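This is what each chain is made of:
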Amino acid sequence: MGTLRRVLIADDDAAVAATLARYLTVRGWQTATVGSATELFMRGVEDVQAVVLDMRLPDANGLDVLAELRRRGNDVPVLIVSGFLDARSTITAMRQGAIDALEKPVDTRYLEELLSRAIDRVPESEPAQGPSPLVGRSRAMRLLREQVAKLAQFRDLPVLIIGESGTGKELVARALHEQSHASGPMVAINCAAMPENLFESELFGHA
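Please read all numbers here as calculations on a predicted model, not as lab measurements.

### Section: the overall build of the chain
When you go through the chain residue by residue, the secondary structure sums to 8 helices and 7 strands. About 12,500 Å² of surface is accessible on the chain, with carbon and sulfur atoms providing 52% of the total.

### Some words on helix α5 (residues 108–120)
Compared with an ideal rise of 1.5 Å per residue, which puts 13 residues at 18 Å, α5 spans 18 Å between its outermost C-alpha atoms and is within 8% of the ideal. In this fold, the buried residues of α5 make contact with β1 (5–10), α1 (14–26), β2 (29–34), β3 (50–54), β6 (78–82) and β7 (100–103). Of the residues that open α5, the one with a side-chain oxygen 3.1 Å from the backbone nitrogen of R109 is D107.

### Details of the side chain of S116
The topology assignment puts S116 in helix α5. When its relative accessible area of 13% is taken as the criterion, S116 is described as buried. At 2.7 Å, the side chain of S116 and the side chain of R5 are in polar contact. If sequence neighbours within four positions are ignored, S116 has contacts with R5 and W29.

### With respect to the pattern of salt bridges
Here the structure, examined in full by the defined rule, presents 9 salt bridges. Where R43 meets D47, a salt bridge forms, and the shortest distance between an N and an O atom there is 2.9 Å. By relative accessible area, which is 38% here, D47 ends up partly exposed.

### Focus: a nonpolar patch on the surface
Where nonpolar side chains cluster on the molecular surface, the patch consists of V187, I189, F199, L203 and F204 and spans about 490 Å² of accessible area. For F199, the location among the structural elements is in helix α8 (residues 199–204). On the basis of relative accessible area, F199 is assigned to the partly exposed category, the value being 31%.

### Thoughts on the pairing of β7
One ladder, built from 4 bridges, connects β6 with β7; its direction is parallel. Among the inter-strand pairings, S82 is bridged to a residue of β7, identified as E103. Regarding topology, helix α4 (residues 87–95) serves as the crossover connection from β6 to the parallel β7, and that connection is right-handed.

### Focus on a negative patch on the surface
On the surface, a cluster of negative charge is made up of D12, D13, E39 and D59. Mapped onto the fold, D59 is located in the loop between β4 (56–57) and β5 (60–61).

### Things to note about α1
Taking 1.5 Å of rise per residue, 13 residues should cover 18 Å, and α1 covers 18 Å from first to last C-alpha, within 8% of that figure. All of the buried residues in α1 are A17, L20, A21 and L24. Seen from one end, α1 has its buried residues packed into an arc of 100 degrees, which puts them on one side. Exposed positions of α1 whose direction lies more than 90 degrees from the buried face are A15, R22 and V26. Check the buried side of α1 and you find it contacts β1, β2, β3 and α5. Structurally, the start of α1 carries an N-cap: the backbone nitrogen of A15 is 3.1 Å from a side-chain oxygen of D13.

### Examining the environment of L134
Checked against the element boundaries, L134 lands in the loop between α5 and α6 (139–151). A residue is classified by how much of its surface remains accessible, and L134, at 5% relative accessible area, is buried. Along the chain, L134 and V172 lie 38 residues apart, while their C-alpha atoms are 7.0 Å from each other. Excluding residues within four positions of it along the chain, L134 makes contact with M141, L144, R145, V148, L171, V172 and A175.

Conventions adopted
- Residues numbered from 1 in each chain as written.
- Predicted model: local features only at pLDDT ≥ 70, side-chain atom pairs only at ≥ 80, totals over all residues.
- Heavy atoms only, no water.
- Helix = DSSP H or I, 4+ residues; strand = E, 2+ residues; numbered from the N terminus.
- Areas by Shrake-Rupley, 256 points an atom, 1.4 Å probe, with all protein chains shown as cover.
- Expected span 1.5 Å × (residues − 1).
- Contact = heavy atoms within 4.5 Å.
- Polar contact = N/O pair within 3.5 Å; in protein donor to acceptor, adjacent residues only side chain to side chain.
- Buried < 20%, exposed > 50% of the residue type's maximum accessible area, 1.4 Å probe, protein only.
- Salt bridge = Lys/Arg side-chain N within 4 Å of Asp/Glu carboxyl O.
- Patch = residues over 30% accessible without salt bridge, like charges linked within 9 Å, V, L, I, M, F, W, Y side chains within 5 Å.
- Pairing = 2+ DSSP bridges.
- Right-handed = clockwise from strand over helix to strand, strands pointing away.
- Lys, Arg positive; Asp, Glu negative; His and termini not counted.
- Charge placed at Lys NZ, Arg CZ, Asp CG, Glu CD.
- Arc of directions from axis to C-beta.

Structure follows, in structure tokens:
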């Protein structure tokens, strides 16, 4: 069956954890479960290839757990699950490095597909999303492209891109515009060069 895949499921709902573990075990995964953030950090994630993390654990917010994992330098693929998922939470999770965020009840087949894709991804490979102005093969660039692809699904969602001068903010905006299949053209405006008294008229028109 190939290399054994190991996943840690962190969910305080024992029934949900058992269901996911049972499905993945039958599919050839080695599973372990914990019911809190404390248990997760006491156990550690160094011996697993992926983590399924509930958004709301009894002693911590799942996003805080994800942020702490990243702060400790652990880049294990993390898939967020939640019974009350919204766009803001999804975006925050993706910004913090989650591979995706799924709403409960979880589609187990899709969950396994995401986990498999995350651990099988070859570091040097480019995502199969077609041409993109965002080039590069580092982990940071792969995560950025994944975030852009996720955000592009929410066409009416305002997005603020911040960063130092020359870091490629406009390239990110262009990639987001292209992948969202916007009906209108992308218009780049240098706001810093626009006189304050003409700012509103230039952007929204003058009557």
